[in-house]
Amino acid sequence: MLSTPAAPVDLEQVWSAHNYHPLPVTLVAGEGAWVTALDGTRYLDLLSAYSALNFGHRHPRLLEAAHAQLDRLTLTSRAFHNDQLGPFCAELAQLVGMDGVLVMNTGAEAVETAIKAVRRWAYDVRGVRPDEATIVTAAGNFHGRTTTIVGFSTDPDARRGFGPFTPGFVSVPFGDLEAVGGAIDDTTAAVLVEPIQGEAGVIIPPAGYLGGLRRLCDERGVLLVLDEIQSGLGRTGWTLACDREGVRPDVLLLGKALGGGIVPISAVVARGDVLEVFTPGSHGSTFGGNPLACAIAREVVAMLQTGELQCRAARLGCVLADGLADLSPALVAQVRTAGLWAGIDLAPGLPPARVVCETLLARRVLAKDAHGSTLRLAPPLVIDEDDLRWAVDQVRDVLVELCP
Ligand SMILES: Cc1ncc(COP(=O)(O)O)c(C=O)c1O
């Protein structure tokens, strides 16, 4: 007797750890802003893999770069040089106007790398006493999932059961400059924040916050680390979210979209004296700086060099903001947008944002909830204007449908 092959989702249910709660849709193909499910239904992707797909699914330029490199050389380890790492570091550093780059793979690894860099800098350059360095962080942050990083998260779900945690982090409210000033002391190595808190629901700090942080860090002789893993590379209508305030950090963290939606690659882009604290053997990664990832990321950098995608994100961001601005206060408590990025706090009385996402799914729109009552949208920057307008109509219709 022939047995029916198990559905992929059933296999996942039985064999995969349940560390996610995906929407009930199984994707098999994607192109641009659209994806196709197992049953052939097409969906508009308004999540972009948390901004890792800023350039959409399978962008032809990125595929071409990937194919060309796949046919030549994919992995060398850093025991040997490869011909892609150096050019990538130079091109990325020049794109963002900084001194140099340390390449890793995931966002969390970039954050971990920055923590090591600023701690060693604090001891070697600032003269902090051994093993006493601290880093000022913001409440509501999301910087990844390693034990050190969840140790300074303020989200109980991210932390429960994973202690004991690494000491040396001081948490202050996000957006509160006075609190940062009060937290910096002789032990401080750095202030580490997201310029816009993505996972928290696209929380935008008060105007002048980043400039204020820059001034405080300069006055007190500590480093400013900006985690732009989600906010960077075009999402906000600028190359970097900190460009909105004309601020340069000492250490900039990039990831997600840097891999063009094809491979994981992350980068710590920093001032020369910060990167110099690393010596051979003090840090690294088997896959970090591999030629396949670097070749794809070089194409990402080249695509950002013209400014065209950033302009597109800014222009379509206005379309998104205008569309959402029309939503009645009976439906939404607050809407925050930055370029093609939106956090929509649902009005009290509406069902949880997860239910909104499930209802949007039935209308062929993929979106994601954040913290119960916030809906977040981050369409690929290549989305068609008509598709974006259609998506905003779907959001409005779903909220009206679910409004009690
Ligand atoms: C701001 C920020 N930093 C770091 C990370 C962690 O990146 P990864 O999931 O690649 O480890 C994320 C992921 O969402 C993020 O949004």
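The structure we're discussing is the one just above.
Cut-off values and rules
- Residues numbered from 1 in each chain as written.
- Predicted model: local features only at pLDDT ≥ 70, side-chain atom pairs only at ≥ 80, totals over all residues.
- Heavy atoms only, no water.
- Near = heavy atom within 4 Å.
- Polar contact = N/O pair within 3.5 Å; in protein donor to acceptor, adjacent residues only side chain to side chain.
- Areas by Shrake-Rupley, 256 points an atom, 1.4 Å probe, with all protein chains shown as cover.
- Nonpolar A, V, L, I, M, F, W, Y, C, P; charged D, E, K, R; others polar.
- Axes fitted to C-alpha atoms, helices over the stretch in contact; angles between N-to-C directions.
- Helix = DSSP H or I, 4+ residues; strand = E, 2+ residues; numbered from the N terminus.
- Parallel < 35°, antiparallel > 145°, perpendicular 65-115°, else oblique.
- Left-handed = near helix turned anticlockwise from the far one by under 90°.
- Contact = heavy atoms within 4.5 Å.
- Pairing = 2+ DSSP bridges.
- Core = buried A, V, L, I, M, F, W, Y, C linked by side-chain atoms within 4.5 Å.
- Buried < 20%, exposed > 50% of the residue type's maximum accessible area, 1.4 Å probe, protein only.
- Phe/Tyr/Trp six-rings, centres within 6.5 Å; stacked < 30°, edge-to-face > 60°.

Inspection of the region around the ligand gives Thr106, Gly107, Ala108, Phe142, His143, Gly144, Glu194, Asp227, Ile229, Gln230 and Lys256 as its neighbouring residues. Contact distances for the ligand include 2.8 Å between an oxygen atom and a backbone N or O atom of Gly107. Between the ligand and Gln230 there is a distance of 2.7 Å, counted from an oxygen atom to a side-chain nitrogen or oxygen. The protein chains hide 82% of the 390 Å² of surface that the ligand would expose on its own. The residue inventory of the shell around the ligand, partitioned by class, reads three nonpolar, five polar and three charged.

To continue, consider the packing of helix H3 (residues 60-70) against helix H11 (residues 291-305). When two helices pack together, their arrangement is given by the angle between the helix axes and the distance between those axes. The geometry of H3 relative to H11 is characterised by a closest axis approach of 9 Å and an angle of 150° between their N-to-C directions. Taken together, the axes of H3 and H11 lie roughly antiparallel to each other. Where H3 crosses over H11, the handedness of that crossing is right-handed. For the pair formed by H3 and H11, the contact residues are Arg61, Leu62, Ala65, Ala66, Gln69 and Leu70 on the first element and Pro291, Leu292, Ala295, Ile296, Glu299, Val300, Ala302 and Met303 on the second. Within the contact of H3 with H11, the residues separate by chemical class into eleven nonpolar, one polar and two charged.

So, about the sheet that holds strand S10 (residues 266-270). Pairing within the open sheet is mixed, and its seven strands lie in the order S4-S10-S9-S8-S7-S5-S6. Because the sheet does not close on itself, it has two edges, and the strands there are strand S4 (100-104) and strand S6 (169-172). Averaged over all neighbouring strand pairs, the angle between strand axes comes to 20°, with direction disregarded. Bridging between strand S5 (residues 134-138) and S6 involves four bridges; their strand directions are parallel. Looking across to S6, one finds that Val136 is bridged to Val170. Strands in contact with helix H5 (residues 107-126) are S4, S5, S6, strand S7 (188-193), strand S8 (223-227), strand S9 (251-254) and S10; relative to S7, the strand with the most contacts, it is inclined by about 155°. Strand contacts of helix H9 (residues 209-220): S7 and S8, with the helix running at about 150° to S8, the strand carrying the most contacts.

A word on the packing of helix H13 (residues 353-362) against helix H14 (residues 385-402). It is at 10 Å that the axes of H13 and H14 come closest, and there the two elements cross at 120°. Of the possible angle classes, the one that applies to H13 and H14 is oblique. Considering how the two elements wind past one another, H13 and H14 form a crossing that is right-handed. Taken together, the residues of H14 that come into contact with H13 (itself represented by Val355, Val356, Thr359 and Leu360) are Gln394, Val395, Val398, Leu399, Glu401 and Leu402. Taken together, the residues that form the contact of H13 with H14 break down as seven nonpolar, two polar and one charged.

Before going further, it helps to spend a moment on the side chain of His59. Within the fold, His59 resides in the loop between helix H2 (48-51) and H3. If we skip the residues at most four places from it in the chain, His59 touches Met303 and Val382.

Residues Phe88, Leu92 and Val191 are the most contacted members of the largest nonpolar core, which totals 93 residues. By residue number, the principal contributor to this core is H11, which donates nine residues. Those residues in contact with Leu92 that lie beyond four places of it in its chain are Val101, Leu254, Leu258, Ala267, Val269 and Val301.

With that out of the way, let us pick up the sheet that holds strand S1 (residues 27-31). Strand pairing in a sheet relies on backbone hydrogen bonds. The paired strands run either parallel or antiparallel. Taking strand neighbours across the sheet as the criterion, the four strands line up as S1-S2-S3-S13 in an open arrangement whose pairing is mixed. A strand with exactly one partner marks an edge of an open sheet, and here the two such strands are S1 and strand S13 (365-366). As defined by bridge partners, strand S3 (residues 42-45) adjoins S13 across two bridges and the pair is classed as parallel. From the neighbouring strand, Leu44 faces S13, where its bridge partner is Val365. With respect to the sheet, H14 is in contact with strand S2 (34-37), S3 and S13, its orientation differing from that of S3 by roughly 95°.

Within the structure shown, the criterion is met by three aromatic pairs. Ring plane angle 25° and centroid distance 4.3 Å describe the contact between Phe152 and Phe169, whose orientation is recorded as stacked. Of this pair, Phe152 sits in the loop between helix H6 (147-151) and helix H7 (156-159) while Phe169 sits in strand S6, and the two are 17 residues apart along the sequence. When sorted by exposure, Phe152 lands in the same class as Phe169, which is buried. With 5.5 Å between their ring centres and 80° between their planes, Phe174 and Tyr209 make a pair best called edge-to-face. Within this pair, whereas Phe174 is found in the loop between S6 and helix H8 (177-183), its partner Tyr209 is found in helix H9, the two being separated by 35 residues in sequence. Taking relative accessible area as the criterion, Phe174 reaches 16% and is therefore assigned buried. We classify Tyr209 as buried; its relative accessible area is 2%.

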